[in-house]
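# Coordinate inspection notes
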Amino acid sequence: MVELKGLHTVKANGRTYYYAWRGGPAVKGAYGTPEFHASYNEAVAGRVAPDGKRFRSVVIRYRASDEYKALAESTRSKWARWLDRISDYFGDLRTAQFSRTEKIRPHVKKWRAQYAATPRTADMGMQVLSRVCSYGVDTLAAIASNPCDGIKQLYSVDRSEIIWTDDDLAALKAKSSAEIAFAVDLAAHTGLRVSDLIKLSWSHVGEHAIIMNTGKRSGRSKKVKEAVIPIHADLRALLDRIPKRATTVLTSSKKRPWTYNGLASSFRDAKAEVWPEGDDLHFHDLRGTAATKFYLADLPIREIAEILAWDEDTVDKIIRRYVGRKTAILERIRKMDSAKPRT
């Protein structure tokens, strides 16, 4: 066996990936085969003497940049494969061609069309290509403008009407750690964003409500919005179950306050354990779950909208879709009857 200097190994999802160097292109072929060595040698040769006039050099320089290295390792492992595809397809084109937006865009759309059968996959490829082009514009000044700007995503969905059901929550909590289960339950009961959940302190929890300044700003004044979340019985029971291990309500398994990336990464791992084939539920969708809980706790739509920083029409759509027509009608009848003056 010949020692390949600088060869970088990444293990993910039970598989081993090899890269010519840390942050470099993926090495093709089975480890130790002639194809593997040829791919490695080609990558190294390209790194030593890339043609600066070809777009491949932009890809290589982006891959070696601090910007790329700053990405999470899981992101780099996904993006590395896209960088290889981008280099293979566009690498021989002159970099100057990317400054002629009207000429290069048809090529960009043609490349994306290869993956159009899976829109989210195609959009990820476009995201990586756009980042490379932005690097060529902002850092290298080799491209006049980003030709990917203005090309709409293929995949889109109105996530305001997607919520977690009780079965979804039960399935996740059955497989996840207690710390993730607490975070998911608290989001479903409060509607707070991840950035606010990790900052939620026990000092914010009062006798009757959780009161805290959120990261959401409202109106033209851009004043910080204050969340005032009534503590109903289920929320109180949840708060009583969460151990007080720090000044923040939520902590990781290390008994320290969560970081944004730490919670997001652990949450993704838990979801992958439950739904290995993928799912369409995001942490943010727990806000829709909270909206329905607030409604069933007798909060009017106006107040729910204020708590979640949504408009009333969006909250009303969620209620009508997920609470159920019969339940919503019976609830309105109960409220109307209780408001009727007695004779």
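First, a word on what this report is: a plain description of the structure on this page. (Residues numbered from 1 in each chain as written. Predicted model: local features only at pLDDT ≥ 70, side-chain atom pairs only at ≥ 80, totals over all residues. Heavy atoms only, no water.)

## Describing the overall build of the chain
A tally of helices and strands in the chain yields 15 helices and 4 strands. The buried share among the 343 residues of the chain stands at 42%. Sequence-distant contacts, at least 24 apart, represent 59% of the contacts inside the chain between residues at least 6 apart. Within the structure as shown, the chain displays about 19,700 Å² of accessible surface, and the carbon and sulfur contribution to it stands at 49%. (Helix = DSSP H or I, 4+ residues; strand = E, 2+ residues; numbered from the N terminus. Buried < 20%, exposed > 50% of the residue type's maximum accessible area, 1.4 Å probe, protein only. Contact = heavy atoms within 4.5 Å. Areas by Shrake-Rupley, 256 points an atom, 1.4 Å probe, with all protein chains shown as cover.)

## What to know about the pairing of strand S1 (residues 8–12)
Here S1 pairs with strand S2 (residues 15–19) via 5 bridges, running antiparallel. Looking at the pairing, Val10 lines up with Tyr17 of S2. Counted along the chain from S1 to the antiparallel partner S2, the turn is 2 residues long, and its residue Asn13 has a positive phi close to 55 degrees. (Pairing = 2+ DSSP bridges.)

## Here we look at a positive patch on the surface
A cluster of basic residues, Arg15, Lys78, Arg81, Arg85 and Arg268, forms a positive patch on the protein surface. Among the elements that line the positive patch, the one with the most residues is helix H4 (residues 73–90), at 3 residues. Along the polypeptide, Arg268 turns up in helix H11 (residues 260–274). On the basis of relative accessibility, which here comes to 46%, the residue Arg268 falls in the partly exposed class. (Patch = residues over 30% accessible without salt bridge, like charges linked within 9 Å, V, L, I, M, F, W, Y side chains within 5 Å. Salt bridge = Lys/Arg side-chain N within 4 Å of Asp/Glu carboxyl O. Lys, Arg positive; Asp, Glu negative; His and termini not counted. Charge placed at Lys NZ, Arg CZ, Asp CG, Glu CD.)

## Some words on empty space enclosed by the protein
In the structure shown here, the tally under the stated rule is 3 cavities of 30 Å³ or more. In this structure, the second largest cavity encloses a volume near 80 Å³. Taken together, 16 residues make up the lining of the second largest cavity; nearest its centre are Leu192, Arg193, Thr214, Ala227 and Ile307. Every element with two or more residues in the lining of the second largest cavity is listed here: strand S3 (209–218), strand S4 (223–230) and helix H13 (301–308). Sorting elements by how many residues they give to the lining of the second largest cavity places S4 first, with 4 residues. Class assignment for the residues of the lining of the second largest cavity results in 6 nonpolar, 3 polar and 7 charged. (1 Å grid on protein atoms, 1.4 Å probe; cavity = no way out; pocket = protein on both sides within 12 Å on 5 of 7 lines; lining within 4 Å. Points joined across faces, edges and corners; volume = space filled by probe spheres on them. Nonpolar A, V, L, I, M, F, W, Y, C, P; charged D, E, K, R; others polar.)

## Brief notes about unusual backbone geometry
A positive phi angle, close to 55 degrees, is found at Ala141, a residue other than glycine. Along the chain, Ala141 falls in the loop between helix H6 (119–138) and helix H7 (166–175). Judged by relative accessible area, Ala141 falls into the exposed class, the value being 63%. Positive phi outside glycine occurs at Lys255, with the angle close to 65 degrees. Turning to its location among the elements, Lys255 is positioned in the loop between helix H10 (233–241) and H11.

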